[in-house]
Amino acid sequence: MSNVTENTTAEQHMLKLFHANFEQISTLDTKPITALRQKAIDSISEHGFPNLETENWRYTNLEPLFLADYHIDFSNQSRPFDIEKIFTCDVYDLDTFSITLLNGWYVYKNAPLTTLGNGTIIGSLAKAMEVYPDLVNEYIGNATDINQPGLAALNTAFFQDGIFIYVPDGVEVEKPIQLINIINSPDPIMVHPRHLVIVGKKSKLTLVHCDHSLTHNISFTNSLTETFLAREANMEFYKIQNKGANSAVINNSFIKQKQDSNLISHTLVLNGGFTKNVINAELGEKNANTELNGLYLVDSNQHVDNQLFVDHASPECHSEQLYKGILDDEATAVFSGKIMVRKDAQKTLAYQNNKNILLTDEAKANTQPMLEIYADDVKCSHGATVGQLDPEAMFYLRTRGMCERTARQLLMYAFAAEVVRKITIDPLRERIDQMIEKRLKGELSICDQCVLHCNSKEPTVFNIDVSKL
Amino acid sequence: MLSIKDLSVSIHGKTILRDFNLEVNAGEIHAIMGPNGTGKSTLASVIAGRDLFDIDKGEILYMGKDLIEMEPEVRAREGIFLGFQYPVEIPGVSMANFLRTAINEKRKYHALEPLSGAEFLKLMEERKKLVDIHSKLTNRSVNEGFSGGEKKKNEIFQMAMLEPRLAILDETDSGLDIDALKVVANGVNKLRKPENATIVITHYQRLLEYIVPDFVHVLFDGRIVKSGGKELAIELEEKGYEWVRKEAGIEETL
């Protein structure tokens, strides 16, 4: 794949690539999926990719990402091997059912889908397209808006694999399902994983989505997750990103919620050269609840962008957004959160808060809270702050005998804790807690394997209060 | 113990303390009274080391050492404690964690071994009893969601844990009901030792019914305009600050 030249735009280049490889891309397609791809391609031709003039992209420049000479695997290159040899997630005591994608493809090529005792189906999307075409066709593409500039259309045109989770009605999936996205390629690589999650009535699912890079090579992940929550369904969704400086990740998440369903999402960005997380939650029936939490800790010249859109399309729904970030060095962060309250969405409760701490004069945070309300009986609020550590609090700690460094770390930790303590999986919360503490001390780096896989098997002791002080 | 001589302090060019003098010896309790905006809290902050202010002249000696050059944490480790008028909330950091960090930083400074977890817990229980604090505030995050009274009691508890030589209580009585006030006063009295000293900053005489001062100073316009014994506080209660202002010949500002 040749890179974008002076004479071709990124769009033209990707369209050309699509047409040249169409046969391979669509090998596993059902008819509706092929039709969906065509729509996506038409949308790219019409709307193009976002640029700095596109709404929600004013502070995130996509252009440089397309300059690399990326390779795309148009077929599953995974060979049977023991994934645990190159990767183990060792969040202490975290017991999950894990699925691993390597360079966007399910690591166990052609493996059958797994059906758990309770009827839950887990496995590769490519396989699901073959085995359960009707189920896939019914949902895929239905939550995604491809009619605007953005990378959702690009994912829709190019995706070939990803994960598929189907939880039937009335099933509580006990163990969290963990999706591990690994990028391991000697050459710059572009991947378009696509995930489809369907949670049935009164069912319950916890999904932990980890993005990792195993090498320091250049990669561009453009993933998309569609989630459908039926009536009274409950889902908790964790996204943990700890990637190398040369990794770019764009994550689009589209969620459709039915009556009385609940979603809690936690987006934790601990590292990453370029990260953009988009969450679109549609509260389509009454009394649906969504809670979106986020934490980003970035330094050097990392860039993180969180774009949220909560669509209150029905009455009596409740949404909360809490995103917090700590930015060091020349790091930049963008938060754009929009709450839309449609005409019929009376008795809506919608809250949004974004708080940023800048540790240097060079770090930058752009925050754009937006409320668009067409109903009259609603309670909505939004707030955003960009600031430094509270000097009053710093002074308070120092008058108790703590040195400036300890005081700063404690306050940053406290700032992050508001988000961290919302994590309900105990071992995960404890591990994230330790990682954040290490991160704030400047001790967390990308291990050659996984970030959650620190070199020591022993759990690190929380040691801001370290007795050795 | 504390010797402040001809101290002038300003912020953004505005003088707050002018030619201020105060001598505090071991075993004494000093009350500093005065209307709002006369520099009481500034005095407390300056002794504790807040860097918001410019020290224009004068000196502050503590145990014979120049305090002005010392970082706030060093002052704390040397035995100075400031009870805040508005204690800061630190969500996500438990009281135990916070105090253990503080105590062990102080111990390290004095070349002492850190307290083990068990020793620390024992000390905490003992001090809770000493100052009659039975609530579970030590299990919670620092001041988070505490009522006004709980915050002030928590300041006294921290004081009991850190065992300062010189404690400055900045308006610790403000916003307290009578029960909380008694807990605070009782704590201060129980922690009183011949080798320690306390400066109580207050607007009202009420607290001084429970913490009996050896000296009362009235602060006006950035300096002490009248000093006396505990009876001065009672006189002030009767006659009001206007009386001192006129007596000192200070023009009415505002």
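Residues numbered from 1 in each chain as written. Chains lettered and ligands numbered in written order. Predicted model: local features only at pLDDT ≥ 70, side-chain atom pairs only at ≥ 80, totals over all residues. Heavy atoms only, no water.

Caption draft 1: Looking closely at the interface of chain B and chain A. Contacts between the two partners involve 36 residues from chain B, matched on the other side by 27 residues from chain A. Buried surface at the junction of chain B and chain A, summed over both partners, amounts to about 2700 Å²; 60% is from carbon and sulfur atoms. On the chain B side of the contact with chain A, B:Arg50, B:Phe84 and B:Glu105 bury the most area, a combined 21% of that side's loss. For the pair chain B and chain A, the number of links is 5 salt bridges. The partner of A:Arg421 in a salt bridge is B:Glu144, and the shortest N-O contact between them spans 2.8 Å. In this structure, the connection of chain B to chain A is made through 13 residue pairs in polar contact (both at pLDDT 80 or more). Of all the elements, helix 3 (residues 95–109) of chain B adds the most residues to the side of chain B that touches chain A, at 8 residues. Of the residues that constitute the side of chain B that touches chain A, the class distribution is 18 nonpolar, 9 polar and 9 charged. (Contact = heavy atoms within 4.5 Å. Buried area = accessible area lost by both parts, 1.4 Å probe. Salt bridge = Lys/Arg side-chain N within 4 Å of Asp/Glu carboxyl O. Polar contact = N/O pair within 3.5 Å; in protein donor to acceptor, adjacent residues only side chain to side chain. Helix = DSSP H or I, 4+ residues; strand = E, 2+ residues; numbered from the N terminus. Nonpolar A, V, L, I, M, F, W, Y, C, P; charged D, E, K, R; others polar.)

Caption draft 2: Just the packing of helix 1 (residues 10–20) of chain A against helix 3 (residues 31–47) of chain A, in detail. All names here are of chain A. With their axes 10 Å apart at the nearest point, helix 1 and helix 3 run at an angle of 155° to one another. Taken together, helix 1 and helix 3 sit at an angle that is classed as roughly antiparallel. The way helix 1 lies across helix 3 gives a crossing that is left-handed. Side by side, helix 1 and helix 3 meet where Glu11, Leu15, Phe18 and His19 of the first sit next to Arg37, Ile41, Ile44 and Ser45 of the second. Of the residues belonging to the contact of helix 1 with helix 3, the class tally is 4 nonpolar, 2 polar and 2 charged. (Axes fitted to C-alpha atoms, helices over the stretch in contact; angles between N-to-C directions. Parallel < 35°, antiparallel > 145°, perpendicular 65-115°, else oblique. Left-handed = near helix turned anticlockwise from the far one by under 90°.)

Caption draft 3: The packing of aromatic side chains, seen in detail. Residues and elements named next belong to chain A. For the structure on display, the rule yields 12 aromatic pairs over all chains. Residues Tyr106 and Tyr108 carry aromatic rings whose centres are separated by 6.1 Å and whose planes lie at 85° to one another, so their mutual orientation is edge-to-face. The rings of Phe18, Phe22, Phe74 and Phe158 are connected pair by pair, giving a single aromatic cluster. Above the plane of the ring of Phe159 lies Arg37, whose end atom (NZ or CZ) is 4.7 Å from the centre. In this arrangement the basic side chain of Arg194 is found over the ring face of Phe159, its NZ or CZ atom lying 4.9 Å from the centre. (Phe/Tyr/Trp six-rings, centres within 6.5 Å; stacked < 30°, edge-to-face > 60°. Lys NZ or Arg CZ within 6 Å of the ring centre and 35° of its normal.)

Caption draft 4: Up close: a negative patch on the surface. Residues and elements named next belong to chain A. Side chains of Asp329, Glu330, Asp361 and Glu362 sit close together on the surface and give a patch of like negative charge. On the secondary structure map, Asp329 appears in the loop between strand 17 (318–327) and strand 18 (332–341). You can call Asp329 partly exposed: its relative accessible area is 34%. (Patch = residues over 30% accessible without salt bridge, like charges linked within 9 Å, V, L, I, M, F, W, Y side chains within 5 Å. Areas by Shrake-Rupley, 256 points an atom, 1.4 Å probe, with all protein chains shown as cover. Lys, Arg positive; Asp, Glu negative; His and termini not counted. Charge placed at Lys NZ, Arg CZ, Asp CG, Glu CD. Buried < 20%, exposed > 50% of the residue type's maximum accessible area, 1.4 Å probe, protein only.)

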